[in-house]
Amino acid sequence: MKRHSSLLWLAVGLILLVAYNLVGNPAFLKISVQDGHLYGVPIDILTQGSRTMLLALGMTLVIATGGVDLSVGSVVAIAGAVCALLLNSGTSLVVTLAAAVGVGALAGGVNGTLVARLGIQPIVATLILMVAGRGIAQLICGGQVIIIDRKSFEFLANGFVAGLPVAPLVVGGLYGLTHLFLRRTAVGLFVEAVGDNETASRFAGLAAARVKILAYVFCGVCAGLTGVLTAANIRAADANRAGENAELDAIFAVVVGGTALTGGRFSILGTFLGALLIQTLAATMYFRGVPPAVAPVPKALLILAVSLLQSEKLRTWIASHWRRKEGAV
Amino acid sequence: MHRTLLRPLASPFLLLAAALCIACPALHAAGKTLKVGFAQTGAESAWRTANSESMKSEAAKRGIDLKFSDGQGKQENQIRAVRSFITQGVDAIVIAPIVETGWDPVLREAKRAKIPVILTDRTIQTSDESLYACFIGSDFYEEGKMAADWLAKFTGGKGSIVELQGTPGSAPANERRKAFGDGIKKYPGLKIIDSQSGNFERSGGKQVMEAFLKKHGKAIGIVYAHNDDMALGAAQAIEEAGLKPGKDIVLVSIDAIKEAVAAVAAGRLNCTVECNPLFGPKVFDTVSKLLAGEKVPKKMYNKDELFDATNAAKVLPSRQY
């Protein structure tokens with residue numbers, strides 16, 4: 001019940017935002033066909049937003065276990081750098097993708113081990129890789145932006161299949177698969193149990209530490225794939241800027257989507273809508289011509305509004321206030 | 001308390017430092033290698049890497065012992081480096097300050113040790129201008145103005161411009177924006193119809209340009225980007241919209257990284273104004289002058305050039321970064 005209501009508010013927010021854009025310029029929702037593929041702002045939002053969506057998907061599971069992964073932005077940079085290194089030395093696309101996923105999994109494994117086996121606070125444990133990771137990526141790239149000239153690689157981020165953009169299709173597919181895997185098997189329940197009460201779940205016979213580590217590994221894999229999309233999008237590995245502040249957007253998407261930072265219940269659909277909201281907001285800034293210097297303000301206001309709407313306490317307080325007033329009349 | 005305790009210890013050091021300082025010019029004259037400390041910001045971009053490289057290679061060429069310190073984007077690292085330069089008794093200190101404020105105490109220490117300080121690339125805010133000898137940097141304003149002048153000539157003073165700004169609040173973004181606005185004022189036919197920040201990033205430039213293309217459609221004639229990365233991102237967005245960058249839409253940007261000069265030569269970009277990172281020669285010239293007791297101007301700028309279709313292909317092989 002609680003989860004559904006927060007999803008509802010999120011959808012309402014998204015619709016209001018789109019409506020606000022439509023009032024200013026009806027071209028916002030216009031989709032046309034250009035060179036045999038779909039073309040328009042909604043397509044841009046899905047394509048550009050696919051990276052945040054993918055990062056947020058992994059982040060959802062980590063946050064559901066009561067943790068957080070600050071290192072995803074740096075893992076994006078490392079994975080992009082690895083792609084550039086391999087592709088430019090003539091490695092095949094499949095091997096390159098496997099390597100990017102492997103790098104992500106390794107990073108996630110390190111994070112998960114630090115958190116679950118050594119009991120280090122998630123923020124501190126993942127901060128290590130957040131800081132060190134960017135250095136590693138820069139080391140791989142030698143402090144340069146490395147250009148990747150491989151059509152098949154760029155296709156992953158900017159290509160179209162039957163007129164539809166590839167990146168959102170891939171990310172959408174991953175969302176579907178993850179949802180099925182978590183909800184049709186007991187795995188989702190394990191994650192929620194560990195996040196809700198680790199000690200209790202351990203006493204109930206759950207390998208809590210292993211569940212946690214796997215959540216971080218999954219998050220790392222998502223970050224690795226996001227690194228692929230990020231590099232493919234601009235046909236270059238930019239170790240310094242790729243994935244910069246991406247962890248914050250991912251966390252925002254998860255939290256706005258109704259997954260509490262304290263762990264426990266999570267919502268995959270909520271995360272998807274949260275990431276969609278962030279990207280729609282970015283598009284709104286461009287479309288309504290908000291000066292860049294003040295652009296962070298609407299974003300902050302939106303976060304505040306959504307958090308307030310989701311606050312159970314505030315809602316009951318308003319409701320009781322309302323009732324009292326009605327009673328007085 | 002501390003002071004009284006330290007005084008007996010400090011005075012021999014002070015004497016030693018003073019002796020060294022008096023001895024320095026003499027040693028220099030006697031052909032002793034110069035020691036120069038350089039506190040760099042970090043290695044955050046290709047521009048920065050080229051900047052460090054220029055300092056190192058120029059020092060090697062002149063037989064100067066360059067103590068290079070990478071600040072890794074943190075002021076405290078730079079301050080620590082400057083302190084260690086002072087204790088090592090270098091002849092001059094070069095700083096590329098990461099932030100504008102908070103430099104006074106450490107600069108005062110350098111001044112007390114009579115080591116001249118040269119600021120490069122970015123300036124600082126200080127109540128006491130005598131704390132540093134001079135500033136050598138890029139003239140961001142001049143760069144923006146060169147871009148505007150070139151554009152006016154190229155388009156005959158007509159066109160609708162979209163601007164891709166750098167990171168809001170950063171000096172290059174502020175100056176390049178202001179200069180360009182001032183520069184096109186004389187041409188009523190040139191108008192900025194939209195302006196957003198792409199954060200100096202390739203992906204940012206691409207994303208903003210995608211939105212602009214949908215918002216303004218065919219109305220966009222010109223893109224002015226505050227750096228090459230954003231212009232290259234925008235060019236990609238233009239291609240994906242089925243248009244030809246450099247032909248259907250004119251692109252002007254700043255920095256002149258090698259990839260952008262190559263793009264200009266290939267006709268994908270139309271013009272890029274150089275922001276020269278090769279500070280080495282000028283910095284060490286200034287060091288020599290300062291140590292010889294000559295007066296130098298408080299502010300000096302590196303000379304920047306402009307590359308368009310007429311000269312890009314020619315200079316491309318010689319571009320170092």
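The rules behind the values
- Residues numbered from 1 in each chain as written.
- Chains lettered and ligands numbered in written order.
- Predicted model: local features only at pLDDT ≥ 70, side-chain atom pairs only at ≥ 80, totals over all residues.
- Heavy atoms only, no water.
- Domains from an automatic or database assignment.
- Contact = heavy atoms within 4.5 Å.
- Buried area = accessible area lost by both parts, 1.4 Å probe.
- Salt bridge = Lys/Arg side-chain N within 4 Å of Asp/Glu carboxyl O.
- Helix = DSSP H or I, 4+ residues; strand = E, 2+ residues; numbered from the N terminus.
- Nonpolar A, V, L, I, M, F, W, Y, C, P; charged D, E, K, R; others polar.
- Patch = residues over 30% accessible without salt bridge, like charges linked within 9 Å, V, L, I, M, F, W, Y side chains within 5 Å.
- Areas by Shrake-Rupley, 256 points an atom, 1.4 Å probe, with all protein chains shown as cover.
- Axes fitted to C-alpha atoms, helices over the stretch in contact; angles between N-to-C directions.
- Left-handed = near helix turned anticlockwise from the far one by under 90°.
- Pairing = 2+ DSSP bridges.

## As for the domain arrangement of chain A
Residue and element names in this part refer to chain A.
Step number 1: Considered domain by domain, chain A is made up of domain 1 (2-29 + 41-289) and domain 2 (295-329).
Step number 2: Summarising the inter-unit geometry, the C-alpha centres of domain 1 and domain 2 are found 30 Å apart.
Step number 3: Across the boundary between the two partners, domain 1 contributes 13 residues, which contact 10 residues of domain 2.
Step number 4: Where domain 1 abuts domain 2, roughly 1,000 Å² becomes buried across the two surfaces, and 75% of that area is made up of carbon and sulfur atoms.
Step number 5: Between Asp-249 and Lys-299 there is a salt bridge, with its nearest N and O atoms 2.9 Å apart.
Step number 6: Elements supplying a minimum of two residues to the side of domain 1 that touches domain 2: α1 (2-24), α11 (246-256) and α12 (268-287).
Step number 7: Considering only residue class, the side of domain 1 that touches domain 2 consists of 8 nonpolar, 3 polar and 2 charged.

## Some points on a nonpolar patch on the surface
Step number 1: A surface patch of nonpolar side chains, amounting to about 460 Å² of accessible area, comprises A:Leu8, A:Trp9, A:Val12, A:Leu16 and A:Leu309.
Step number 2: Among the elements that make up the nonpolar patch, the one with the highest residue count is α1(A) (4 residues).

## Things to note about the packing of helix α4 (residues 93-117) of chain A against helix α10 (residues 208-234) of chain A
For any two helices packed against each other, the geometry comes down to the angle between their axes and how far apart the axes lie.
All names here are of chain A.
Step number 1: Orientation of α4 relative to α10, taken along the N-to-C sense of each, is 145°, at an axis distance of 6 Å. Our pair here, α4 against α10, has a crossing hand that is right-handed.
Step number 2: Partitioning the contact of α4 with α10 into residue classes produces 13 nonpolar, 8 polar and 2 charged.

## Regarding the sheet that holds strand β4 (residues 117-120) of chain B
Residues and elements named next belong to chain B.
Step number 1: In space, the 6 strands of this open sheet follow the order β2-β1-β3-β4-β5-β11, with parallel pairing throughout. On the outer flanks of this sheet lie β2 (65-70) and β11 (299-301), each paired with one strand and no other. Between one strand axis and the next, the sheet turns by 20° as a mean value, whatever way the strands run.
Step number 2: Bridging between strand β3 (residues 92-95) and β4 involves 3 bridges; their strand directions are parallel. Across the sheet, the residue bridging to Ile-93 is Val-117, located in β4.
Step number 3: The strands that helix α3 (residues 75-88) touches are β1 (35-40), β2 and β3; relative to β1, the one it contacts most, it runs at about 175°.

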